[in-house]
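Structure assessment
Each chain, written out:
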Amino acid sequence: MAQESLAPGNRAPPQVRWIDVTEDEAGQRIDNYLAARLKGVPKSRIYRILRSGEVRINSKRVEAKQRVAAGDRIRMPPVRVAERGEREPAPHFRLPVLFEDEALLAVDKPAGIAVHGGSGVAHGVIESLRAMRPEARFLELVHRLDRETSGVLLLAKKRAALTELHRMLRDRAIDKRYLVAVAGRFRNERQRVRLALAQRRTVEGKRVSVSDEGQEAETVFRRLARGERFSLLEAELLTGRTHQIRVHLAHLGHPVLGDDKYGDFALNRELRKLGLKRMFLHAARVAFAHPVSGKALDIASALPPELQRFATAHIRSGPV
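Residues numbered from 1 in each chain as written. Predicted model: local features only at pLDDT ≥ 70, side-chain atom pairs only at ≥ 80, totals over all residues. Heavy atoms only, no water.

1. Let's talk about the overall build of the protein chain
Counting its secondary structure elements, the protein chain contains 7 helices and 16 strands. Across the 320 residues in the protein chain, those meeting the buried criterion constitute 45%. For the protein chain, contacts bridging at least 24 residues in sequence account for 63% of all contacts bridging at least 6. For the protein chain, the exposed area adds up to about 16,600 Å²; of that, 48% sits on carbon and sulfur atoms. (Helix = DSSP H or I, 4+ residues; strand = E, 2+ residues; numbered from the N terminus. Buried < 20%, exposed > 50% of the residue type's maximum accessible area, 1.4 Å probe, protein only. Contact = heavy atoms within 4.5 Å. Areas by Shrake-Rupley, 256 points an atom, 1.4 Å probe, with all protein chains shown as cover.)

What follows is the structure, encoded as C-alpha cells:
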C-alpha cells in the first residue's frame, strides 16, 4: 500500500492519494478506517469530508457507516494530518500484558487513561500501543473501558479475530466480570437488572439514563461483601452499553463509590479523605473461547492496591 510521507517536517501541500484495501483491513467502517490513517485529524473533519463526497470507494460516494472490503480502492482527499498542537507523538504507556499471541493482546489498563483519543484527550491506550509497535499491521480495540475504570482490556491483532470477537460479544459468548463497590448495604445476594439505557449529549459530555426508549441493557449483580456503609459486588455484563454498570447501580440507589458522573458527590468528597481517590470499578476477568483456536481463555486482573486497601478497611477483611 503506497502512501506519501506525511512527517511533521514535510511542508509540501498534501495530495490526493489512492489506497487499496487489504484482506486484514476488510470489514472496518470507513470512518474508523480513515481515523486510523489520518492521525491528528479531528473526527469532525473526517465526517465532513465523507459528507462532502471527497472520499470515494471505487469512484462512488460513501456514507460513514459503510464497511470497506478487500480490493476496494479508496480515494483519500488532500488532508493535512499534522495539525498545530497535535504533532506530539503518542506517549508510551507501558501497560502490563496479561495475554498475547498472534491474534490477541490483553493488557491491564490502569484508571485515569482513556482507551482512545477524543473528547479532549489527545492519546489513549490504542494510540500508545500503535506508536510502540510500529511493525504491527493491525491493532484494534475489541471493546472499551471508561477512562476511570481499570482492568482487562482486549485488543485484536488480526481482522478475523476482531470480527469473531465482535460476533461473540453480540451473542453473549464472552463472560465479562467486574468488581465494584457501592454506597449502602446491597440487599440481595444476586440481582438481575434489565433496564434499557439511552444516551444524550450535554455540555458536559455524554450522559446515559434509564429509558424505555433506549437500548436493551442487562447486568447481573452478586453481593460479595457488605459493611456498615458500603457493599462489594461482582457485576456480570450481559450487554455492553455505555456506562451500563454505573447507571444501573445509580438507578437502584447504590451508586458506584467515587463515580463523579452518576454518584453521590457529597459522599465522594468524604471518600477522598478515606483514601479512595478514584472510581471503584475494575474489569476483573474476561473468559471466552479463543477466536482462532477455540481454546478456552480466562484472563484475570488483580484488584489494584488502592482499591484492595479500601475494601479491606471498609467492606471486608482479606484479599478480594
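2. As for the environment of Gly263
Of note, Gly263 is situated in the loop between helix 5 (244-252) and helix 6 (265-273). For Gly263, a relative accessible area of 14% translates into the label buried. Taking the C-alpha atoms as reference, Gly263 lies 8.9 Å from Ala183; in sequence the two are 80 residues apart. Apart from the residues within four sequence positions on either side, Gly263 is in contact with Pro255 and Val256.

3. Re the nonpolar core
Counting 28 residues, the largest nonpolar core has Leu155, Tyr178, Val180, Phe221, Ile245 and Leu249 as its most contacted members. Mapped onto this core, the elements with two or more residues apiece are strand 6 (104-109), helix 3 (125-132), strand 8 (150-156), strand 9 (175-183), strand 14 (230-237), helix 5 and strand 15 (281-289). Not counting chain neighbours up to four residues away, the residues in contact with Leu249 comprise Val180, Val182, Phe186, Phe221, Leu233, His254, Pro255 and Val256. (Core = buried A, V, L, I, M, F, W, Y, C linked by side-chain atoms within 4.5 Å.)

4. Overview of the sheet that holds strand 3 (residues 60-61)
Spatially, the 4 strands line up as an open sheet ordered 1-4-2-3, and their pairing is antiparallel. Each edge of the open sheet is held by one strand with a lone partner, namely strand 1 (17-20) and strand 3. The sheet contact formed by strand 2 (residues 56-57) and strand 4 (residues 73-76) spans 2 bridges and is antiparallel. Across the sheet, residue Arg56 finds its bridge partner in strand 4, namely Arg75. (Pairing = 2+ DSSP bridges.)

5. Looking at the environment of Arg67
Considering the arrangement of structural elements, one finds Arg67 in the loop between strand 3 and strand 4. Exposure remark for Arg67: the relative accessible area of 53% places this residue in the exposed category. C-alpha separation for the pair Arg67 and Ala26, spaced 41 residues apart in sequence, amounts to 7.6 Å. Contacts of Arg67, omitting those with residues within four sequence positions, involve Gly27, Gln28 and Arg29. Among the polar contacts listed, one links the side chain of Arg67 to the backbone oxygen of Gly27, at a separation of 2.9 Å. (Polar contact = N/O pair within 3.5 Å; in protein donor to acceptor, adjacent residues only side chain to side chain.)

6. Quick look at the packing of helix 1 (residues 30-37) against helix 2 (residues 43-51)
Running from N to C, helix 1 and helix 2 point in directions that differ by 125 degrees, and their axes come no closer than 10 Å. Put simply, helix 1 runs oblique to helix 2. Helix 2 is crossed by helix 1, and the crossing has right-handed handedness. Along the contact surface, helix 1 presents Ile30, Asp31, Asn32, Leu34 and Ala35, while helix 2 presents Lys43, Ile46, Tyr47 and Leu50. Within the contact of helix 1 with helix 2, the residues separate by chemical class into 6 nonpolar, 1 polar and 2 charged. (Axes fitted to C-alpha atoms, helices over the stretch in contact; angles between N-to-C directions. Parallel < 35°, antiparallel > 145°, perpendicular 65-115°, else oblique. Left-handed = near helix turned anticlockwise from the far one by under 90°. Nonpolar A, V, L, I, M, F, W, Y, C, P; charged D, E, K, R; others polar.)

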